[in-house]
Amino acid sequence: MTRDPLSNVVDAPLFIVPHVLDALRAYRPASKFDDLPGVDTAAERARLTAALERLHAALLAGIERHPTKFWVMKQFQQTLEGLEHEETEARERFGLALEEIMDLLGIESSDGLLAWYLGGL
């Protein structure tokens, strides 16, 4: 049985005040993968964008009810588990998008969760 990387996450409250919600609402997942390297990246870009848009919607829908780092990391984990077959460069770009979201929410570290799924970001 594989260790669950969520077991390393140190939970902390998040301060979800109006300007944080405004910043999260203003975040645009669709533009994050426009410059993926490769010849024909349309399908890959569509998959990554759809995954990030689902995550973004889940965060917007639940962050006020669950203002904790652990809850956010759980949402990240559920999304990242669906990306295991993507190319390395695509996963790295996805990780950068997740780091932007963490910055918006005031989360300093994923406590190894991103590295676990993205291969040492």
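How each quantity is defined
- Residues numbered from 1 in each chain as written.
- Predicted model: local features only at pLDDT ≥ 70, side-chain atom pairs only at ≥ 80, totals over all residues.
- Heavy atoms only, no water.
- Helix = DSSP H or I, 4+ residues; strand = E, 2+ residues; numbered from the N terminus.
- Rg over C-alpha atoms; globule rule 2.2 N^0.38 Å.
- Core = buried A, V, L, I, M, F, W, Y, C linked by side-chain atoms within 4.5 Å.
- Buried < 20%, exposed > 50% of the residue type's maximum accessible area, 1.4 Å probe, protein only.
- Contact = heavy atoms within 4.5 Å.
- Salt bridge = Lys/Arg side-chain N within 4 Å of Asp/Glu carboxyl O.
- Expected span 1.5 Å × (residues − 1).
- Phe/Tyr/Trp six-rings, centres within 6.5 Å; stacked < 30°, edge-to-face > 60°.
- Polar contact = N/O pair within 3.5 Å; in protein donor to acceptor, adjacent residues only side chain to side chain.
- Axes fitted to C-alpha atoms, helices over the stretch in contact; angles between N-to-C directions.
- Parallel < 35°, antiparallel > 145°, perpendicular 65-115°, else oblique.
- Left-handed = near helix turned anticlockwise from the far one by under 90°.
- Nonpolar A, V, L, I, M, F, W, Y, C, P; charged D, E, K, R; others polar.

**Remarks on the overall build of the protein**
Counting its secondary structure elements, the protein contains five helices and zero strands. For the protein, the α and β elements follow one another from N to C terminus as α-α-α-α-α. Expected size for 121 residues packed as a compact globule is a radius of gyration near 14 Å; at 14 Å, the protein falls within 12% of this value. Taking the principal axes of its C-alpha atoms as reference, the protein extends roughly 45 × 40 × 20 Å.

**A closer look at the nonpolar core**
Grouped together as the largest cluster of nonpolar side chains are 34 residues, with contacts concentrated most on Val72, Phe76 and Leu80. Looking at this core, the elements with two or more residues in it are α1 (18–26), α2 (42–62), α3 (69–80), α4 (88–105) and α5 (113–118). By residue number, the principal contributor to this core is α4, which donates seven residues. With sequence-adjacent residues up to four places away left out, phenylalanine 76 is seen in contact with Leu55, Leu59, Leu98, Ile101, Met102, Leu113 and Leu114.

**Remarks on the pattern of salt bridges**
Tallied over the entire structure, the rule returns six salt bridges. With a shortest N-O distance of 2.8 Å, arginine 93 and aspartate 35 are connected by a salt bridge. Here arginine 93, found in helix α4, pairs with aspartate 35, found in the loop between α1 and α2; they are 58 residues apart in sequence, far enough to count as distant. Taking the shortest distance from any N to any O, the salt bridge between glutamate 89 and arginine 93 comes out at 2.9 Å. Linking glutamate 89 with arginine 93, this pair stays in helix α4, spanning four residues, or about one helical turn. Each of the salt bridges in this network shares a partner with another, and the network as a whole consists of Asp35, Glu89 and Arg93.

**A look at α2**
With 21 residues, α2 should reach 30 Å at 1.5 Å per residue; the first-to-last C-alpha distance of 30 Å fits that figure. Within α2, burial applies to Glu44, Leu48, Thr49, Ala51, Leu52, Leu55, His56, Leu59 and Gly62. Residues of α2 that are buried make contact with α1, α3 and α4.

**Quick notes on the packing of aromatic side chains**
Summed over all chains, the structure comprises one aromatic pair. Look at phenylalanine 33 and phenylalanine 94: their rings are 5.9 Å apart centre to centre, the planes differ by 5°, and that puts the pair in the stacked class. With phenylalanine 33 in the loop between α1 and α2 and phenylalanine 94 in helix α4, this residue pair connects regions lying 61 residues apart in the sequence. The same class applies to phenylalanine 33 as to phenylalanine 94, namely buried.

**Thoughts on the side chain of threonine 79**
Of note, threonine 79 is situated in helix α3. Within polar-contact distance, the side chain of threonine 79 engages the backbone oxygen of glutamine 75 at 3.2 Å.

**Details of the packing of α1 against α4**
Running from N to C, α1 and α4 point in directions that differ by 160°, and their axes come no closer than 9 Å. It follows that α1 is roughly antiparallel to α4 by the angle criterion. Handedness of the α1/α4 crossing: right-handed. Note on element contacts: α4 touches α1 through Ile101, Leu104 and Leu105, opposite Val20, Ala23 and Leu24. Across the contact of α1 with α4, the residue classes tally to six nonpolar, no polar and no charged.

So yeah, pure geometry; function would need other evidence.
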